[in-house]
Amino acid sequence: SYVGKSIKRLNDNKFVSGKSTYVDDIQISSLYAGFVRSTYAHAKINSINVSDALKVNGIVAVFTGKDLNPMLKDGIGPWATYVNPKEWKYVPRKALAEGEVKYVGEPVAIVIGTDKYAVRDAMDKVSVDYEKLPAVINMEDALKGDVLVHKELGSNIGYNKDFNAGNVESAFKSADKVIPVEISNSRLIPSPMEPRGIISRYEGGTLTIWYSTQIPHFARDEFSKDFGIPSSKIRVIMPDVGGAFGSKAHPIPEELAVIASSIKLGRTVRWTATRSEELISSNARHNVFKGEVAVKNDGTVLGIRGQLLVELGAYLTYTEGIQPEIIPPMIPGPYRIRDLAINSVAVYTNTIPITMYRGASRPEATFIIERIMSTVADELHMDDLELREKNMVRADEMPYKNPFGLTYDSGDYISFLKEAKQKLKYEETLRWAEEERKKGRRVGVGTAFYLEISAFGPWEYGEVRVDDRGNVTVITGATPHGQGAETGIAQVVADELQIDIDRINVIWGDTQIAAAGLGTYGSRTISIGGSAAKSAASQVLEKMKKVAARMLKADVEEIEYSKGEFRHKKENKKVTWEEVANEAYNGKDPGLYSSVTLEGDVTFPYGLHLAIVEVDDTGIARVKEYRAYDDIGKVINPALAEGQIHGGAMQGVGQALYEEAKLDENGQLAVSYAEYFVPTIVESPVYTSYFTEKPHLSNYATGSKGVGEAALIVGPAAIVRAIENATGKKFNKTPVTPEEIYR
Ligand code: MCN
Ligand code: MO
């Protein structure tokens, strides 16, 4: 059997030998696109002069909003599967700015030519006459409402909802102590290795789009709605994708402009974002929680109240709507806090629109609640984990309905915490750090616990085909793009069919091959996608049993299948997997394939992570060691799961210590990778990752819970706590830079 083993990734050969194909590698005769972008955070466009640009050799067309926007029946709004558009005030985004620009970098014109260098030259020759308007580039100013990002909305507030649970008034009345808190997550740049890219071909009324995306089917439907072209005439193909981290789950206007141009010209048009364009295509996080916590002197946390401000940037992106909606109900985390009042407000500013990034809303919720728990521990002079344990939901309360109605499906947080303390050597590491500090080193140990919501439904598609030689094709509606989930799915299917894994090929990412699909995000793939494939495999096996029964002149009930052999129990006759597969295609049977659309609901993994940090004389903090202990349900492939913990924790190091997408007073992104430090192997801590031997399974057939985001969800809180331990100072925002440490 394969499940539970560290099988090597099936498709790594092409990646390590440089033979993978990203959008930009696709050889196809096409035109190149480039974008002229706003240099103002807020301005009126008086006129755009494209005549000089058109004179550049090789330029085929220059389009502005006036040319392309009317082609769109609709624009990009929120992701209606997860965000209720009715709860939002927003302006659907069309292809290019028209009338006004609302952030620095907003696309104003698309230049199209036969070679990319000509396009680059011509971009400089497009002259835009702007009339500068007052801009709001931070949430505080935006809330005053003197300057509106979208006049037609009448306010800068896109979303405003109260999340109330229990009786917060009485909780605060019965408190021994009320502790104020302010906790913030900075603006980040997801930074996948491969930037965004798209190729759009329009011929005979049909569109073929090669697209670096996590959500080909959603993208197809969005393009269909926007352009009024039936989905059946749009094919979205996802080639190899060089990472996404949640940032390729939102279509952007540049992409609409490329598609619109290809339709208008009847030609193939391509665009690959430059690295600088990638920096402004996806910004993420940035939110602030300000509130207070009611506690008893014995450490019981009674209630939390406050306001969560979530920055939107200039437009509501496809995915950002999730965050103000999911952060509040996840704030109680694994703790039995029942009385909460959280006002969640999302604010427009004249800045780069915000989208999701690995964990999207759970990192924020976890940072908030874990900073709260650590702050309470400090105030009450209690041990971090003792305080947490005191407040944790007990095993006998599972499944536990949290005060906002989320049902934590399975787990035993308290026993797990005890195991984790042993496994991560919590107490001895704390003592070691204390000894080292006495010798003058500034080392510290920090832990944080997380409970996350993963494996988002509402469904996923799986199809299994067995060919006439008994080889197996698995089609998944999920869209792995670095996680290796295709290997995990192959393991699940190989076990279900009891065949060699080398017989299995897993494919995905083409809307004309997978009948349906949602994609890969929200750490859902192995749980819901794997279970859908497993169920399709078991259906195919049932069909094979029928064929075998006929071959052996038996009733289906008399057939027993095991390891590639179908046996007639009574007569001790058998036929092999290959024989049955071959027979199924000899004309009598319709063939061997089955598809399943599996419905499923979220599941809640959890874990404790520990960081060891050392701060040097210049105030630079380094994460020396990072230890993780997780309950992710059934572990399908420990190596893959561990890889996810390492990668996520590495991004956690970046978020905790280095990364902040600063904007200047004009709303211009003030960083490049010279100042925005994505950690490299040099900054990498030593990692140790364990999964509990007594996992609590999910309700999915695979028994798994998600792990793809876990370490970035909890890592920053653990690392920040370690810096506090090392320096004796308090930090409630990331990144904790040397300036912060010396402040
Ligand atoms: N796995 C396992 N056992 C489990 C859970 C998972 O063996 N109980 C394995 C799976 O087989 C898969 C991996 O761990 O190989 C992650 O599975 P899962 O938790 O189902 O998450 P997804 O596959 O749905 O991945 C999505 C997740 C998200 S939401 C972001 S953001 C993120 C992440 O994955 N983006 C990534 N990890 C990334 N890794 C890479 N290389 N690139 C990205 O863009
Ligand atoms: Mo994600």
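Anything mentioned here points back to the structure above.
Heads up: these notes are all about the structure in this document.

### Details of the sheet that holds strand E10 (residues 206-211)
Strand pairing in a sheet takes place through backbone hydrogen bonds and is either antiparallel or parallel in direction.
Okay, so step 1: Spatially, seven strands are ordered E3-E5-E1-E12-E9-E10-E11 in an open sheet, and the strand pairing comes out mixed. Looking at the sheet topology across the chains shown, the edges are occupied by strand E3 (59-64) and strand E11 (234-237). The average angle at which neighbouring strand axes cross in this sheet is 20 degrees, direction not considered.
Okay, so step 2: Both strand E9 (residues 197-203) and strand E12 (residues 269-272) contribute to a ladder of four bridges, which runs antiparallel. In the strand pairing of E12, Ile-199 is matched with Arg-270.
Okay, so step 3: Packed onto the sheet, helix H4 (residues 116-125) meets strand E1 (31-37), E3 and strand E5 (107-113) and runs at close to 20 degrees relative to E1.
Okay, so step 4: Sheet contacts for helix H8 (residues 253-265): E1, E3, E5, E9, E10 and E12; angle to E9, the most-contacted strand, approximately 25 degrees.

### Some points on the site of ligand 1
Okay, so step 1: Around ligand 1 sit 31 residues, and of these Ala-244, Thr-525, Lys-634, Gln-644 and Val-707 come closest.
Okay, so step 2: A distance of 2.7 Å separates an oxygen atom of ligand 1 from a polar atom in the side chain of Thr-525.
Okay, so step 3: At a separation of 3.0 Å, an oxygen atom of ligand 1 approaches a polar backbone atom of Gly-708.
Okay, so step 4: Across the complex, the protein chains shield 96% of the 840 Å² of accessible surface that ligand 1 would expose by itself.

### So, the nonpolar core
Okay, so step 1: Residues Ile-110, Phe-223, Ile-372, Ile-719 and Ile-723 are the most contacted members of the largest nonpolar core, which totals 170 residues.
Okay, so step 2: It is helix H19 (residues 710-727) that provides the largest number of residues to this core, a total of 12 residues.
Okay, so step 3: Not counting residues within four places of it along the chain, the set of residues in contact with Ile-110 comprises Ala-33, Gly-34, Phe-35, Ala-61, Val-62, Phe-63, Leu-68, Leu-96, Ala-257, Val-258 and Ser-261.

### Concerning empty space enclosed by the protein
Okay, so step 1: In total, this model carries one cavity of 30 Å³ or more according to the counting rule given.
Okay, so step 2: Taken as a whole, the largest cavity holds about 150 Å³ of empty space.
Okay, so step 3: Around the largest cavity, the lining comprises 19 residues; the ones closest to its centre are Arg-93, Ile-252, Pro-253, Thr-317 and Pro-353.
Okay, so step 4: Every element with two or more residues in the lining of the largest cavity is listed here: H8, helix H9 (275-281) and strand E16 (354-355).

### A word on the environment of Ser-174
Okay, so step 1: By secondary structure assignment, the location of Ser-174 is in the loop between helix H6 (168-173) and strand E8 (177-188).
Okay, so step 2: Ser-174 sits in the partly exposed class, given a relative accessible area of 35%.

### Observations regarding the sheet that holds strand E29 (residues 686-691)
Okay, so step 1: Pairing is mixed across the open sheet formed by four strands, whose spatial order is E19-E27-E28-E29. Bordering the open sheet on either side are strand E19 (443-451) and E29, each of which pairs with just one other strand. Sheet twist, expressed as the mean angle between neighbouring strand axes with direction ignored, is 15 degrees.
Okay, so step 2: Pairing of strand E28 (residues 621-631) with E29, which is carried by six bridges, proceeds in the parallel orientation. Bridging from a neighbouring strand, Asp-630 pairs with Phe-691 of E29.
Okay, so step 3: Of the strands in this sheet, E19, strand E27 (606-615) and E28 are in contact with H19, which crosses E19 at around 150 degrees.

Calculation rules
Starting afresh in each chain, residues are numbered from 1 along the sequence in its written order. Chains and ligands are labelled sequentially in the order written, the chains with letters from A and the ligands with numbers from 1. Under the rules for a predicted model, residues below a pLDDT of 70 receive no local features and side-chain atom pairs below 80 are neither given nor counted, while totals for whole chains, interfaces and linings still include all residues. Derived side-chain values reflect all non-hydrogen atoms in the structure, with water molecules and hydrogen atoms excluded from consideration. Should DSSP find at least two bridges between two strands, the strands are taken to pair. Elements are defined by DSSP. Helices are runs of H or I of four residues or more, strands are runs of E of two residues or more, and each kind is numbered from the N terminus. Lines fitted to the C-alpha atoms define the axes, with helices restricted to the stretch that makes contact. Angles between their N-to-C directions range from 0 to 180 degrees. Throughout, a contact is declared for two residues whenever any of their heavy atoms are within 4.5 Å. Working definition: residue near molecule or strand if any one of its non-hydrogen atoms lies within 4 Å of it. Polar contacts here mean pairs of N or O atoms no more than 3.5 Å apart (in protein, one a potential hydrogen donor and the other a potential acceptor; neighbouring residues in sequence count only if both atoms are side-chain atoms). The protein chains shown are the only cover counted for residues, whose accessible areas, like all others here, come from Shrake-Rupley with a 1.4 Å probe. What makes a nonpolar core is a set of buried Ala, Val, Leu, Ile, Met, Phe, Trp, Tyr and Cys residues whose side-chain atoms join them at distances within 4.5 Å. Residue burial is assigned from relative accessible area. The probe radius is 1.4 Å, only protein chains are included, and a residue is buried under 20% of its type maximum, exposed over 50%, and partly exposed in between. Whether a set of points on the 1 Å grid over the protein atoms alone is a cavity depends on a 1.4 Å probe fitting there but being unable to get out, while an open set qualifies as a pocket with protein on both sides within 12 Å along at least five of seven lines; lining residues are those with an atom within 4 Å of a point. Grid points are joined across faces, edges and corners, and a volume is the space filled by probe spheres set on the points.

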